Amino acid sequence: MSRSPIALTMLKRRSLPLIAVAMLCGCQSAPFVAPAIDLPETWHRPPEAQPDDARTDEVRPLPSADALPDSLATLPWHALLPIPELHALIDAALAANADLRIAIERIELARAQYGIERAALFPGIDASASASRERLPGFDPRENTISENASVGLSMPAWEIDLWGRLAARTEAARREVLANAALADGVRTSLIAQVSSLYLELLDLDAQHEITRRTIDGRRKALRLTRARFEEGVSSILDVRQAESLLAGSEQALADQARRIAQTENALAVLLGRNPGTIRRASRLDALTPPAQVTAGLPSELLQRRPDIRAAEASLRGAGANLDAARKAFLPRITLTTLLGFATTDLAQLFDSGRQAWSLQPAIGLPLFDAGRLRSGVAAAEAQQRIQVEQYKATIRQAFREVSDALVAFEQLSRQRDATRKVVHANRERLRVTNARYLAGISSYFEVIDAERQLFDSELALSQTSRLLHQSVVQLYRALGGGSSTAQG
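As the structure is a prediction and not an experimental result, all values here were calculated from the model.

A. Molecular detail of the overall build of the chain. When its secondary structure is counted, the chain shows nine helices and four strands. In the chain, buried positions account for 36% of the 490 residues. About 28600 Å² of surface is accessible on the chain, with carbon and sulfur atoms providing 57% of the total.

Here it is, written out as structure tokens:
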């Protein structure tokens, strides 16, 4: 059935609003939908140590968070380890650490970029003035004419009217970049607190090991003198003397190694404090610190709002979605507007006289027709970047769950290990006392004394190291939970 020209014209006029509405609906930004994450209800921990005949492969979850106190992450950082000299070191690091200062400057850089993108949403206004006076040949080659031109006013350079929201999407992407950098800086701050605390605990551990080794050296020097005296009296053999010398040299070797590690740890801590490598003053003792009886981690879902790296990954993911939105809208027409308002004249003396007003209004519309695939490649790149951010977001969450679980397991098992090591130290001390008495009585050989001394020395060092690792597990759990960080969202 044929239509008349008038009917076709009316159909086109009716279709134009529908086409416009369809374009506007097609340009609406899709709401953000977070990727599906398999969130565990409780934290994983290994089964209790049991005899072989009673051991099972069952994985027992920790008690529900409702039955435990608040999460460790809710504590302020200075309450984690109540040591005033450590607090002073952390304050110094927060004030002068280079990595933290760089992270803060990255926030300012992202905020400035956001300001640049946001400014494109608004028209710019320029003030301009110009004047010229020229002498040129006229129609008669024998006569010259003098011409004058002058203008002054306000102008608005070509301003894109963001009808489809492309510029708003770019602005949103820049804003999310600010939030991502702010979260990353928060993470640097939390990590810095954990690093300073861990290195400080390592120094206290090395100090304790150094003290144990010096005490052991003093005892072995006395034992060497006694063994030499017994050799001179014909009671002991030269082999006992050589074994006592070897035992003393071994402890002196350990002392030198500990001194090296102390200096290197002090240098590492000094750099974190924003200082040149040097000595770190400390007066606390590791054995004077008391770890908490238990630690709680709250619900796994709380990590999504608390951990800085997860918040940064989410902000980057949202920013990637906004960039994709802007890339898709680049296919749509761009409407620009240029205006001028002021005075213009051909007579400089009459520039501001009445009737010299001038204005111009220049709307323009442009639609990309052929760009050799540039816009399509831009969409493909934005889609790939979004997929990358999705995987990074998921990987960040999984890594966060792992770090929390590892820290919980470490605290639980190191608490048991420290208690067992204390029993080992006590047993080895008693063994050495009895072995020395039997050796002096001529019942035991010097080999038994050497073995008892070596085991006591090793167990005392192991106790110090286990105590340090136990305290560090609390610090690592605090960092893994995002403790001490801001949870503000934009």
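What follows continues from the structure just given.
B. Looking closely at the packing of helix 4 (residues 166-232) against helix 5 (residues 238-272). Contact geometry of helix 4 with helix 5 gives a least axis separation of 8 Å together with a crossing angle of 160°. Judged by the inter-axis angle, helix 4 sits roughly antiparallel to helix 5. The element helix 4 and its partner helix 5 pack so that their crossing is left-handed. For the contact of helix 4 with helix 5, the class distribution of residues is 21 nonpolar, eight polar and eleven charged.

C. Region of the structure containing the pattern of salt bridges. Per the counting criterion, the structure on display carries 29 salt bridges. Between Glu108 and Arg111 there is a salt bridge; the shortest N-O distance is 2.8 Å. A residue pair is termed a helical-turn pair when its members lie 3 or 4 positions apart in one helix, as Glu108 and Arg111 do in helix 3 (residues 98-119) at three residues. Sharing partners across several salt bridges, the network here consists of Arg307, Asp309, Glu403 and Arg479.

D. Main features of unusual backbone geometry. Non-glycine residue Ala372 carries a positive phi angle of around 60°. Tracing the sequence through the fold places Ala372 in the loop between strand 4 (357-366) and helix 8 (374-440).

E. Quick look at the sheet that holds strand 4. Spatially, four strands are ordered 1-2-3-4 in an open sheet, and the strand pairing comes out antiparallel. This sheet does not close on itself; its edge strands, each paired only once, are strand 1 (126-137) and strand 4. When strand polarity is set aside, the average angle formed by the axes of neighbouring strands in this sheet is 25°. In terms of strand pairing, strand 2 (residues 144-161) meets strand 3 (residues 334-345) through ten bridges, oriented antiparallel. Looking at strand 3, one finds that Ile161 is bridged to Ile335.

F. Representation of the pairing of strand 4 within the structure. Of all ten residues in strand 4, zero are buried; the element is thus mostly exposed. Examined bridge by bridge, strand 3 and strand 4 share ten bridges and lie antiparallel to one another. By the bridge assignment for strand 4, Leu340 is matched with Ser360.

G. Molecular detail of the nonpolar core. Formed by 53 residues in total, the largest nonpolar core has its most connected members in Val196, Leu303, Val404, Leu477 and Leu481. Ranked by the residues each element gives to this core, the list is headed by helix 4, at ten residues. The contact partners of Leu303, leaving out residues within four places of it in the chain, are Trp43, Ile310, Ala400, Phe401, Val404, Ala480 and Leu481. In terms of nonpolar packing, the next biggest core, distinct from the first, is built from twelve residues, Ala223, Leu247, Leu248 and Tyr446 among them.

H. Seen up close, the packing of helix 8 against helix 9 (residues 446-480). Viewed as axis vectors pointing N to C, helix 8 and helix 9 meet at an angle of 160°, and their least axial separation amounts to 7 Å. Taken together, helix 8 and helix 9 sit at an angle that is classed as roughly antiparallel. For the pair helix 8 and helix 9, the sense of crossing is left-handed.

I. Broad picture of the side chain of Glu460. Relative to the helices and strands, Glu460 resides in helix 9. Judged by relative accessible area, which is 10%, Glu460 ranks as buried. A polar side-chain atom of Glu460 sits 3.2 Å from a polar atom in the side chain of Arg429. In this structure, Glu460 is in contact with Ile212, Arg215, Thr216, Val425 and Arg429, ignoring residues within four places of it in sequence.

J. Up close: a nonpolar patch on the surface. A cluster of nonpolar side chains, contributed by Phe231, Ile238, Leu239 and Phe447, occupies part of the molecular surface with about 370 Å² of accessible area. When you line up the elements, Leu239 lands in helix 5. Residue classification places Leu239 among the partly exposed residues on the basis of a relative accessible area of 43%.

K. Region of the structure containing the confidence of the model for the chain. A residue-level look at the chain finds 84% of positions with pLDDT of 70 or above and a mean pLDDT of 83. Looking over the chain, one finds the lowest element-wise mean pLDDT in helix 1 (residues 5-26), namely 42, and the highest in helix 3, namely 94. For residues 1-26, every residue scores under 50 in pLDDT, and the model assigns this stretch six contacts once sequence neighbours within four places are set aside. Across residues 49-69, confidence stays below pLDDT 50; counting only partners more than four residues off in sequence or on other chains, it has 22 contacts.

L. Representation of the environment of Ala254. You can see Ala254 is positioned in helix 5. Setting aside anything within four residues of it in sequence, one finds Ala254 in contact with Thr213 and Phe457.

M. Fine view of the environment of Gln417. Assignment of secondary structure puts Gln417 in helix 8. For Gln417, a relative accessible area of 40% gives the class partly exposed. Each C-alpha atom, one on Gln417 and one on Ala462, is 9.9 Å from the other, the two residues being 45 residues apart in sequence.

N. Here's a closer look at the packing of aromatic side chains. On inspection of all chains with the given rule, the structure shows one aromatic pair. The interplanar angle of 55° and the centroid separation of 5.1 Å between the aromatic rings of Tyr439 and Tyr446 together place this pair among those described as tilted. Here Tyr439 falls in the buried class, since its relative accessible area comes to 6%. Residue classification places Tyr446 among the buried positions, given a relative accessible area of 4%. The ring of Tyr439 carries Arg230 above its face, with NZ or CZ at 4.7 Å from the centroid.

What counts, and at which threshold
- Residues numbered from 1 in each chain as written.
- Predicted model: local features only at pLDDT ≥ 70, side-chain atom pairs only at ≥ 80, totals over all residues.
- Heavy atoms only, no water.
- Helix = DSSP H or I, 4+ residues; strand = E, 2+ residues; numbered from the N terminus.
- Buried < 20%, exposed > 50% of the residue type's maximum accessible area, 1.4 Å probe, protein only.
- Areas by Shrake-Rupley, 256 points an atom, 1.4 Å probe, with all protein chains shown as cover.
- Axes fitted to C-alpha atoms, helices over the stretch in contact; angles between N-to-C directions.
- Parallel < 35°, antiparallel > 145°, perpendicular 65-115°, else oblique.
- Left-handed = near helix turned anticlockwise from the far one by under 90°.
- Nonpolar A, V, L, I, M, F, W, Y, C, P; charged D, E, K, R; others polar.
- Salt bridge = Lys/Arg side-chain N within 4 Å of Asp/Glu carboxyl O.
- Pairing = 2+ DSSP bridges.
- Core = buried A, V, L, I, M, F, W, Y, C linked by side-chain atoms within 4.5 Å.
- Contact = heavy atoms within 4.5 Å.
- Polar contact = N/O pair within 3.5 Å; in protein donor to acceptor, adjacent residues only side chain to side chain.
- Patch = residues over 30% accessible without salt bridge, like charges linked within 9 Å, V, L, I, M, F, W, Y side chains within 5 Å.
- pLDDT = per-residue confidence, 0-100.
- Phe/Tyr/Trp six-rings, centres within 6.5 Å; stacked < 30°, edge-to-face > 60°.
- Lys NZ or Arg CZ within 6 Å of the ring centre and 35° of its normal.

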